[in-house]
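Understanding the architecture of this molecule
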Amino acid sequence: MTVAESDWTAVLDVVTRAQSVVLMCHISPDGDALGSTLAVGMALRARGVNVVATYDEEPFAMPSRLRFLPGQELLVAPADVPERPDVVMTFDTGSIDRLGRLAAAAKAAGALVVVDHHTSNTLYGTHHLVDVHAAATAVVALDFVDRLGVALSTDIATAVYTGLVTDTGSFRFAATTPEVHEIAARLLRAGAPHDLVGREVFDTRSFGYLQLLATVIERATLEPDAIGGRGLVWTTVTAGQRATFNVPYDEAEAVIGTLRITEEAEVAVVCKETDDGQLSVSTRSKGAVDVAAACVALGGGGHRYAAGFTSTTDVETTMMRLRSELELAICE
């Protein structure tokens, strides 16, 4: 599914005529979600649009590894968002529940524009810019910026590049096409500091994170016979462990990047306990299993290679259900 020209025309008309626009992305935003949001926010501001950006986080704060992103002055706390916004645009958010407490305001908006690239997107808006062939939501965001007629500044390029490098795993994932590298080259020419972005997103962690990583990797379980012999490796990160090493929730997301390199496992899974006792489950596949299909069946979403869901049951039950769905999601 790509975006029809009629959809682009309709969205540009709605957004440029709006008195104000509220931009939202999913809870615990990653580089693609927040990078896309801020890139479009800065472009709309350049067009003279009254725009703010937000996401559901308590307490409200920038994710530690994304504090370098430009455009942060656009951010407001969820409590400062109008109950009935004129126009809402959401980014990298496959279903409206992923907005958390902001879902009510999104539903009440005069127009709800969904900007995304997830194959599992539920098309919950009044307007949709969903391109499942895009390597990142940031690619769709860049197209939007171009169609607004806004020049690609260094700040906008930096935000877009952050989304692109995040969702391609620093250009290592299968979604990386020749076109992706051409986009990256354009962003670098516009001044995006690729070395800074790479260092902050992938290569900067607290010492507490290293201690946490050692603990949870030591407890990792390898199931070589799982998923029809393709192999599964998984571990857990409890709220207590994060507290012990003073690691914020968003930083713990990086554990999956280490776990996924396990040679004997096609799929890697990390079950992270949230502060309210739920499990946020992250999955990664090397391609033979469509983890998005498995996670959608469990109420989540994502891509073939990276997906997740939230569970209110214990780890054992959660993993039992996930194993069953992964068996059904074999695609080779």
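Preceding this section is the structure that the text describes.
Residues numbered from 1 in each chain as written. Predicted model: local features only at pLDDT ≥ 70, side-chain atom pairs only at ≥ 80, totals over all residues. Heavy atoms only, no water.

Examining the overall build of the chain
Tallying secondary structure elements over the chain gives 14 helices and eleven strands in all. Its C-alpha radius of gyration of 19 Å places the chain within 12% of the 20 Å reference for a compact globule of 332 residues. In terms of overall dimensions, the chain has a C-alpha envelope of 55 × 40 × 35 Å along the principal axes. Expressed as a percentage of its 332 residues, the buried residues of the chain come to 54%. Within the chain, counting contacts between residues at least 6 apart in sequence, those at least 24 apart form 65% of the total. Taken as a whole, the chain presents about 14000 Å² of accessible surface, with 50% of it coming from carbon and sulfur. (Helix = DSSP H or I, 4+ residues; strand = E, 2+ residues; numbered from the N terminus. Rg over C-alpha atoms; globule rule 2.2 N^0.38 Å. Buried < 20%, exposed > 50% of the residue type's maximum accessible area, 1.4 Å probe, protein only. Contact = heavy atoms within 4.5 Å. Areas by Shrake-Rupley, 256 points an atom, 1.4 Å probe, with all protein chains shown as cover.)

With respect to the packing of helix α5 (residues 154–167) against helix α6 (residues 178–189)
At their nearest, the axes of α5 and α6 sit 9 Å apart, and the two run at 150° to each other. Between α5 and α6, the interaxial angle falls into the category roughly antiparallel. You can see that α5 and α6 cross each other, and the crossing is left-handed. Touching Ala157, Val160, Tyr161 and Leu164 of α5 are Val180, Ile183, Ala184, Leu187 and Leu188, all from α6. The class makeup of the residues in the contact of α5 with α6 is nine nonpolar, no polar and no charged. (Axes fitted to C-alpha atoms, helices over the stretch in contact; angles between N-to-C directions. Parallel < 35°, antiparallel > 145°, perpendicular 65-115°, else oblique. Left-handed = near helix turned anticlockwise from the far one by under 90°. Nonpolar A, V, L, I, M, F, W, Y, C, P; charged D, E, K, R; others polar.)

Quick word on the pattern of salt bridges
Taken as a whole and assessed by the stated rule, the structure comprises eleven salt bridges. Between Asp143 and Arg147 there is a salt bridge, with the nearest N and O atoms lying 2.9 Å from each other. Taken together, the residues span about one helical turn, with Asp143 and Arg147 both in helix α4 (residues 137–148) at a distance of four residues. In this structure, the salt-bridge partner of Asp146 is Arg186, at a minimum N-O distance of 2.8 Å. With Asp146 in helix α4 and Arg186 in helix α6, this pair connects stretches of sequence that are 40 residues apart. Exposure remark for Arg186: the relative accessible area of 30% places this residue in the partly exposed category. (Salt bridge = Lys/Arg side-chain N within 4 Å of Asp/Glu carboxyl O.)

A closer look at the sheet that holds strand β5 (residues 127–130)
A sheet is described by the order of its strands in space; here five strands give the open sequence β2-β1-β3-β4-β5, paired in parallel fashion. On the outer flanks of this sheet lie β2 (51–54) and β5, each paired with one strand and no other. Along the sheet, successive strands turn relative to each other by an average axial angle of 15°, direction set aside. Contacting β3 (87–91), β4 (111–116) and β5, α4 crosses the sheet at an angle of about 125° to β4. (Pairing = 2+ DSSP bridges.)

Considering the pairing of strand β1 (residues 21–25)
Across the five residues that make up β1, a large majority, five, are buried. Of the two faces of β1, the one carrying Val21, Leu23 and Cys25 and the one carrying Val22 and Met24 are both buried. With four bridges joining them, β1 and β2 adopt parallel strand pairing. Directly across from Val21, in β2, lies its bridge partner Val51. Regarding the hand of the β-α-β motif, the stretch spanning β1, helix α2 (residues 31–46) and β2 is right-handed. With five bridges joining them, β1 and β3 adopt parallel strand pairing. Counted as the bridge partner of Leu23 is Met89 from β3. (Right-handed = clockwise from strand over helix to strand, strands pointing away.)

Remarks on the sheet that holds strand β10 (residues 301–302)
Strand pairing in a sheet is mediated by backbone hydrogen bonds. Such pairs are either parallel or antiparallel. Spatially, six strands are ordered β6-β7-β8-β9-β11-β10 in an open sheet, and the strand pairing comes out mixed. Each edge of the open sheet is held by one strand with a lone partner, namely β6 (221–223) and β10. Those strands touched by helix α14 (residues 315–328) are β6, β7 (232–237), β8 (267–273), β9 (279–285) and β11 (306–311), and its axis lies near 150° from that of β7.

Here we look at the environment of Ser170
Locating Ser170 in the fold gives a position in the loop between α5 and α6. With 158 residues separating them along the chain, Ser170 and Leu12 place their C-alpha atoms 31 Å apart. Every residue in contact with Ser170, bar those within four places of it in the chain, is listed here: Val165 and Phe202.

Observations regarding the packing of α4 against α6
Orientation of α4 relative to α6, taken along the N-to-C sense of each, is 55°, at an axis distance of 12 Å. When the axis of α4 is compared with that of α6, the two are oblique. α4 and α6 meet at a crossing whose hand is left-handed. In contact with Val139, Leu142 and Asp146 of α4, α6 contributes Ile183, Arg186 and Leu187.

Some details on the side chain of Thr236
In this fold, Thr236 is placed in strand β7. Setting aside chain neighbours within four positions, we find Thr236 in contact with Val216, Arg219, Gln241, Cys271 and Val315.

Some points on the environment of Gly125
Its place among the elements puts Gly125 in the loop between β4 and β5. When the C-alpha positions of Gly125 and Val40 are compared, they lie 18 Å apart, and in sequence the two are 85 residues distant. Residues contacting Gly125, with those up to four places away along its chain left out, are Leu112 and Val114.

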